[in-house]
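Close look at the chain arrangement
For reference, the chains in residue letters:
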Amino acid sequence: GPMLAIYQARYMKYLINRGLIKDEGRKVWAFLGDGEMDEPESLGAIGLAAREKLDNLIFVINCNLQRLDGPVRGNSKIVQELEGRFRGSGWNVIKILWGSMWDDIFARDSEGILANRLEELVDGDEQRIFTSDAKTFREELFNTPKLKAMVSHLSDEELEDLASNLGGHDMVKINASSADAQAMQDRPTVILAR
């Protein structure tokens, strides 16, 4: 769990700093869920990890908007909430939200209108839209003439593939975020993956 991972990373630093073990660049990885982050022990010691500069600690949080007993607060934005908590505590935050198929669409977004549209959607609406059919996805997400133009070249099948192409399923994005996390020095890293 999160607290045990923090204290394991801290203990490893303790042993290294006293010359009791050799620093071999080992990392403590904790794989967690967004619903799990509501538990008091999940966030209770993240400030300690930053104060102790535990650059040997990496949290990967699966932001799938689900918890064991239902959706994770559908009327908010869990990724932004977690980003704020970790960044505010001094952590390095890496977000992998969109897969490689989105890169071309975001490149067409020179005015930031798609980014704004995605930002204004609460998690519950986003999840409903992204799991619907291509017609609903096209009409409800790309709901202005400029947004529609960004995806006008895509067939319904390609649009459905786009809807399911999230960053946490894209090996290129996962590998890049893992490399960035391992290279971080002087502070812990959290990867928020969709």
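Each remark here, short or long, concerns the structure printed above.
First things first, this report covers the structure right here in the doc.

Calculation criteria
- Residues numbered from 1 in each chain as written.
- Predicted model: local features only at pLDDT ≥ 70, side-chain atom pairs only at ≥ 80, totals over all residues.
- Heavy atoms only, no water.
- Helix = DSSP H or I, 4+ residues; strand = E, 2+ residues; numbered from the N terminus.
- Buried < 20%, exposed > 50% of the residue type's maximum accessible area, 1.4 Å probe, protein only.
- Contact = heavy atoms within 4.5 Å.
- Areas by Shrake-Rupley, 256 points an atom, 1.4 Å probe, with all protein chains shown as cover.
- Lys, Arg positive; Asp, Glu negative; His and termini not counted.
- Charge placed at Lys NZ, Arg CZ, Asp CG, Glu CD.

Tallying secondary structure elements over the chain gives 11 helices and 6 strands in all. C-alpha extents for the chain along the principal axes are approximately 60 × 30 × 25 Å. Here the chain holds 194 residues, and 44% of them are scored as buried. Taking contacts inside the chain between residues at least 6 apart in sequence as the whole, the part at least 24 apart equals 76%. In the form shown here, the chain has an accessible surface area of approximately 10,200 Å², with 50% of it arising from carbon and sulfur atoms. Taken as two groups, the 24 positive and 32 negative side-chain charges of the chain have centres that lie 7 Å from each other.

Structurally, Asn-56 is set in the loop between α3 (46–51) and β2 (57–62). When near neighbours in sequence (up to four residues on either side) are disregarded, Asn-56 contacts Ala-9, Met-12, Lys-13, Arg-26, Lys-27 and Val-28.

Let's shift gears to the environment of Val-93. You can see Val-93 is positioned in strand β5 (residues 92–96). Looking at Val-93, the relative accessible area reads 10%, which means it is buried. Through-space distance from the C-alpha of Val-93 to that of Ile-58 is 10.0 Å; in sequence the pair is 35 residues apart. Apart from the residues within four sequence positions on either side, Val-93 is in contact with Glu-83, Phe-86, Arg-87, Val-190 and Leu-192.

Everything listed here is a matter of coordinates, which is why it stays silent on function.
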